[in-house]
Amino acid sequence: MLDLLILREAAQALRLSERALYDLVRRRQVPCCRIGGRWLLPRASLAAWVAGRIEGAAPPDPPPILAGSDDPLLAWALRESRCGLALLADGSLAGLDALAAGRAVVAALHVPDPDGAGWNVPLIEARMPQAGLVAIGWAARSQGLIVPPGNPAGLAGVADLARPGLRVALRHPRAGSHLLLTHLLSEAGLRLDILNASVRDAPDHAAIAAAVAEGRADAGFGIRAAAAPLGLGFVPLIEEHFDLVMRRRDYFRDDVQALLRFARTPRFAERAARLGGYDVHRLGTVVLNQ
């Protein structure tokens, strides 16, 4: 679970008054988020924020790990490019925490802004403000409903997942796809907890597709690229932005540059087209430069 501090606890840890910390939070000068009217501060992000402000202390180089969201195209590119980066696909939120704590050099994210202000950047700026980060576009991906061949239940939208008796496969709560599904359900006036979840905490998109293919779920929320290899149906709902986030200094690392060079090759473009559900025209675009 995400280790979150309330304002009072964070103020005690930082040896600040609650008022002084609140002023920093209000100006978004510390990593924070607001849920249910309460300010919350992730412990790992807060520790990294403090470490980055210690005068004369150069932060250690992070290990060659790319943490965050599960993505078949990215996993393939890491292997085929032989760039030296290891993949730790544990969800978008976990990836950003790993980046903040210095446990990863790159975080892979696809998190919508609940206020409709785009993708990823609002979360990055809330969790790691003024951290000297750059976010690079990787791909736009098609997210939607993974269904049996022929879509026998006739599902057309996210609201159909709430049909009585329909069994749904769900990702774990730290996954960007889980956050996106929750967001889309909220827009439809529905809550996640009303779904009949026959599979919970699926580790990746392949597990969602496998649950549908094996008859353990009637539908799941995931990417097109996971449905195609198993011959499953797919109902597209939204095109999301999948970005790679890192500190500006680490953008120039040999392993990071080797991955990005490989991603610009015809072989990479061919793989993206074969997997399906990817638009790689935004690859390399600077999304954020703090």
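Residues numbered from 1 in each chain as written. Predicted model: local features only at pLDDT ≥ 70, side-chain atom pairs only at ≥ 80, totals over all residues. Heavy atoms only, no water.

1. Some thoughts on the overall build of the protein chain
What counts, and what does not: Secondary structure elements are taken from DSSP: a helix is a run of H or I of four residues or more, a strand is a run of E of two residues or more, and numbering for both begins at the N terminus. Here's how the labels work: a residue is buried when its accessible area is under 20% of the maximum for its type, exposed when over 50%, partly exposed in between, all with a 1.4 Å probe on protein chains only. Should any heavy atoms of two residues lie within 4.5 Å, those residues are counted as being in contact. Areas reported here follow the Shrake-Rupley algorithm with a probe of radius 1.4 Å; residue values treat only the protein chains shown as occluding. For the purpose of counting charges, residues Lys and Arg are taken to be positive, whereas Asp and Glu are taken to be negative. His and the chain ends are not included. For this purpose, a charge sits on NZ of Lys, CZ of Arg, CG of Asp or CD of Glu.
For the protein chain, the helix and strand inventory stands at 11 helices and 13 strands. Reported as C-alpha extents along the three principal axes, the dimensions of the protein chain are approximately 60 × 45 × 25 Å. Residues counted as buried form 52% of the 290 residues belonging to the protein chain. If you take every contact in the protein chain between residues at least 6 apart in sequence, the share linking residues at least 24 apart comes to 74%. Carbon and sulfur atoms make up 53% of the accessible area of the protein chain, which totals about 13200 Å². Charge separation in the protein chain, taken as the distance between the mean sites of 33 positive and 29 negative side-chain charges, equals 3 Å.

2. Considerations on the side chain of Asp-255
Stated formally: Any pair of nitrogen or oxygen atoms within 3.5 Å is treated as a polar contact; in protein, a donor-acceptor pairing is required on top of that, and neighbouring residues in sequence qualify only through side-chain atoms on both sides.
On the secondary structure map, Asp-255 appears in helix H10 (residues 254-262). Polar side-chain contacts of Asp-255 include one of 2.7 Å to the side chain of Arg-253.

3. Some details on helix H8 (residues 205-213)
Within the sequence span of H8, burial applies to His-205, Ile-208, Ala-209, Ala-210, Ala-211 and Val-212. Those residues of H8 hidden inside the fold are in contact with strand E7 (133-147), strand E8 (167-171), helix H7 (176-187), strand E9 (196-202), strand E10 (219-223) and helix H9 (224-227). With a side-chain oxygen positioned 3.3 Å from the backbone nitrogen of Ala-206, the residue opening H8 is Asp-204. Downstream of H8 by a residue or two, Gly-215 has a phi angle that is positive, lying close to 80 degrees.

4. Some words on the sheet that holds strand E2 (residues 33-35)
Paired through backbone hydrogen bonds, the strands of a sheet run either parallel or antiparallel to each other. Heads up, the rule is: Two strands are counted as paired when DSSP detects at least two bridges linking them. Axes, fitted as lines to C-alpha atoms, cover a helix only where it is in contact. Angles between the N-to-C directions of the axes lie from 0 to 180 degrees.
The strand order across the open sheet formed by three strands is E1-E3-E2, and the pairing between neighbours is antiparallel. Among the strands making up the open sheet, the edge pair consists of strand E1 (4-6) and E2. Neighbouring strand axes in the sheet, compared pairwise and without regard to direction, differ in orientation by 45 degrees on average. With three bridges joining them, E1 and strand E3 (residues 38-42) adopt antiparallel strand pairing.

5. Looking at the packing of helix H4 (residues 72-81) against H10
For clarity, the threshold we go by: Orientation is classified from the angle alone, with under 35 degrees giving roughly parallel, over 145 giving roughly antiparallel, 65 to 115 giving roughly perpendicular, and any other angle giving oblique. All residues other than Ala, Val, Leu, Ile, Met, Phe, Trp, Tyr, Cys, Pro, Asp, Glu, Lys and Arg, Gly among them, are scored as polar; the first ten of these are nonpolar and the last four charged.
It is the contact of H4 with H10, at a shortest axis distance of 9 Å, that shows an interaxial angle of 110 degrees. Taken together, the axes of H4 and H10 are roughly perpendicular relative to one another. Residues Leu-74, Trp-76, Ala-77, Leu-78, Glu-80 and Ser-81 of H4 lie in contact with H10, whose contacting residues are Ala-258, Leu-259 and Phe-262. Its residues placed into classes, the contact of H4 with H10 shows seven nonpolar, one polar and one charged.

6. Points about the packing of H4 against helix H11 (residues 266-275)
The condition that has to hold: In this scheme, a crossing is called left-handed if the near helix is turned counterclockwise away from the far one by less than a right angle; it is called right-handed if the turn is clockwise.
Where H4 meets H11, the axes come as close as 10 Å, and the angle between the chain directions of the two elements is 150 degrees. Overall, the two elements H4 and H11 adopt an arrangement that is roughly antiparallel. Pair H4 / H11 crosses with right-handed handedness. Side by side, H4 and H11 meet where Pro-72, Leu-73, Trp-76, Ala-77 and Glu-80 of the first sit next to Arg-267, Phe-268, Arg-271, Ala-272 and Leu-275 of the second. Looking at the contact of H4 with H11 residue by residue, the class counts come to seven nonpolar, no polar and three charged.

7. Quick look at the pairing of strand E11 (residues 233-247)
Across three bridges, the pairing between strand E6 (residues 106-109) and E11 is antiparallel. Across the sheet, Leu-109 pairs through a bridge with Asp-243, a residue of E11. With 14 bridges joining them, E7 and E11 adopt antiparallel strand pairing. Opposite Val-134, over in E11, you have Met-246 as the bridge partner.

8. Thoughts on the packing of aromatic side chains
What counts, and what does not: Working definition: rings of Phe, Tyr and Trp (its six-membered ring) pair if their centres are within 6.5 Å, and the pair is stacked with planes under 30 degrees apart, edge-to-face with planes over 60 apart, and tilted otherwise.
As enumerated under the stated definition, the model contains three aromatic pairs in all. When the centroid spacing of 5.2 Å and the interplanar angle of 90 degrees are considered together, the rings of Tyr-251 and Phe-252 count as edge-to-face. Among the residues examined, Tyr-251 registers a relative accessible area of 22% and is labelled partly exposed.

9. Quick word on the pairing of E7
The element E7 is extensively covered by neighbouring structure, given that 15 of its 15 residues are classed as buried. Relative to strand E13 (residues 286-289), E7 is paired through three bridges, and the arrangement is antiparallel. By the bridge assignment for E13, Ala-135 is matched with Leu-288. Across two bridges, the pairing between E7 and strand E12 (residues 278-279) is antiparallel. Bridged to Ala-140 within E12 is Asp-279. Of the pairings in the sheet, the one linking E7 to E10 comprises four bridges and is antiparallel in character. Its bridge partner lying in E10, Gly-144 is registered against Gly-222.

Any link to function would need more than the numbers given here.
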